[in-house]
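# Descriptive analysis of the structure
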Amino acid sequence: PQRSTPLYSSAASDVYKRQFYYFMKNTAIIIPTRLEARRFPNKPLAEINSKPMILHVLNKAKESKVGEVFVATPDKKIFDIVNNNGGIAILTEKGHPSGSDRIYEVYSKKLKNNVDLIINLQGDMPNIDPNTISKLEKLMRDNQCDIGTLASPIKDNNEIVDENVVKVKVDETLKEHSFLKAKDFFRIKKVQSSTKIYHHVGIYCFQPAYLKQYAELGESKQEKIQRLEQLRIMGKIDINVGYCDSNPLSVDTLEDLKRVEREIN
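Residues numbered from 1 in each chain as written. Predicted model: local features only at pLDDT ≥ 70, side-chain atom pairs only at ≥ 80, totals over all residues. Heavy atoms only, no water.

### Concerning the packing of helix 2 (residues 53-64) against helix 5 (residues 130-143)
Operational definition: Axes, fitted as lines to C-alpha atoms, cover a helix only where it is in contact. Angles between the N-to-C directions of the axes lie from 0 to 180 degrees. Labels follow the DSSP assignment, with helices taken as runs of H or I lasting at least four residues and strands as runs of E lasting at least two, numbered in each case from the N terminus. What sets the label is the angle itself: under 35 degrees gives roughly parallel, over 145 gives roughly antiparallel, 65 to 115 gives roughly perpendicular, and the rest give oblique. For any pair of crossing helices, the crossing counts as left-handed if the nearer helix is rotated counterclockwise from the farther one by less than a right angle, and right-handed if it is rotated clockwise. In what follows, a contact means two residues having at least one pair of non-hydrogen atoms within 4.5 Å. When residues are grouped by polarity, Ala, Val, Leu, Ile, Met, Phe, Trp, Tyr, Cys and Pro land in nonpolar, Asp, Glu, Lys and Arg in charged, and all others, Gly among them, in polar.
It is the contact of helix 2 with helix 5, at a shortest axis distance of 8 Å, that shows an interaxial angle of 55°. The orientation of helix 2 relative to helix 5 falls into the category oblique. As for how helix 2 packs across helix 5, the hand of that crossing is right-handed. Each of Lys-60, Ala-61, Glu-63 and Ser-64 in helix 2 lies in contact with helix 5, whose residues at this interface are Pro-130, Ile-133 and Ser-134. Of the residues belonging to the contact of helix 2 with helix 5, the class tally is three nonpolar, two polar and two charged.

### Observations concerning the confidence of the model for the chain
Selection criterion: Within a predicted model, pLDDT stands for the predictor's per-residue confidence, ranging from 0 to 100.
In the predicted model, the chain carries a mean pLDDT of 87, and 89% of its residues have values of at least 70. Within the chain, the element-level pLDDT minimum falls on helix 1 (residues 14-23), averaging 46, and the maximum on strand 1 (residues 27-32), averaging 98. In this model residues 1-23 is a low-confidence stretch, pLDDT under 50, and it forms 28 contacts with partners more than four residues away in sequence or in other chains.

### A look at the pairing of strand 12 (residues 239-243)
Heads up, the condition is: Buried means the residue's accessible area, taken with a 1.4 Å probe over protein chains only, is under 20% of the maximum for its type, while exposed means over 50%, and partly exposed covers the values in between. Any two strands are treated as partners once DSSP identifies two or more bridges connecting them.
Among the five residues in strand 12, five count as buried, and that is most of the element. Here strand 12 shows no split at all, with Ile-239, Val-241 and Tyr-243 on one side and Asn-240 and Gly-242 on the other all buried. Sheet topology places strand 9 (residues 179-181) next to strand 12; three bridges connect them, and they run antiparallel. Counterpart to Lys-181 in the pairing with strand 12 is Asn-240.

### Some thoughts on the pattern of salt bridges
Working definition: two side chains of opposite charge can pair if their charged atoms are close together. This is how the line gets drawn: Each salt bridge in this description consists of a side-chain nitrogen of Lys or Arg and a carboxyl oxygen of Asp or Glu lying within 4 Å of one another.
Evaluated as defined, the whole model comprises 16 salt bridges. For the salt bridge of Glu-263 with Arg-259, the shortest nitrogen-to-oxygen distance reads 3.3 Å. Pair noted here: Glu-263 and Arg-259 are both in helix 8 (residues 254-264), with a separation of four residues, about one helical turn. For Glu-263, a relative accessible area of 44% gives the class partly exposed. Looking at Arg-259, the relative accessible area reads 35%, which means it is partly exposed. What emerges from the salt-bridge pattern is a single network uniting Lys-43, Asp-124 and Asp-252.

See below:
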């Protein structure tokens with residue numbers, strides 16, 4: 001049975017903590033989103049087939065059926081649209097440097113002690129496959145990792161030099177049930193042809209203690225320069241990468257929006 005209250009104190013043994021991990025299996029999906037995106041202002045409200053993008057993402061998250069879904073936003077417009085369309089939106093502070101900082105605010109104020117996994121689903125992936133979300137949760141539970149994410153094969157060589165496509169490097173070939181340690185994340189970098197490089201998918205899953213640690217570290221220099229929040233914890237906390245056979249597009253431009261609209265049609 002699912003539990004919504006903590007089973008151990010801060011002084012509990014490691015064995016008891018492992019028991020807690022197995023028995024309290026509640027997952028929350030939190031979608032961080034805001035109107036002031038630098039590359040595409042107001043994109044959460046950009047319409048795809050007459051529906052704001054954020055609602056497409058919200059519905060995909062719900063379809064995954066892995067847990068309750070929340071939208072974390074500092075913007076009243078997004079808050080109202082989500083709540084008026086059957087979702088749960090939570091207003092957050094404005095000044096968060098990353099989406100993961102924003103979801104930590106929601107976790108710490110609203111969900112603490114009620115969930116053992118938190119999924120950060122980027123609010124600009126309206127064509128994500130719900131099965132992708134549920135796969136990441138399963139990989140996290142099966143492997144009991146600190147933080148997990150997903151990656152898909154690069155099918156177009158132009159993606160290697162496209163700064164809007166985030167890449168992840170691993171040491172081995174990703175397979176269906178892989179969950180490998182990430183070696184690097186980058187936008188543009190010279191790479192050898194033999195290097196195992198994949199298209200990073202904008203979804204993360206945290207155990208609560210590591211989400212807390214992430215937020216407490218504060219924004220790093222490389223994170224700010226490269227606009228990649230995961231660089232904050234590289235070398236400090238392991239991020240495991242699973243295989244994703246679909247290739248959901250992060251909408252960063254009007255061209256991306258048109259492409260996603262064609263795919264959703």
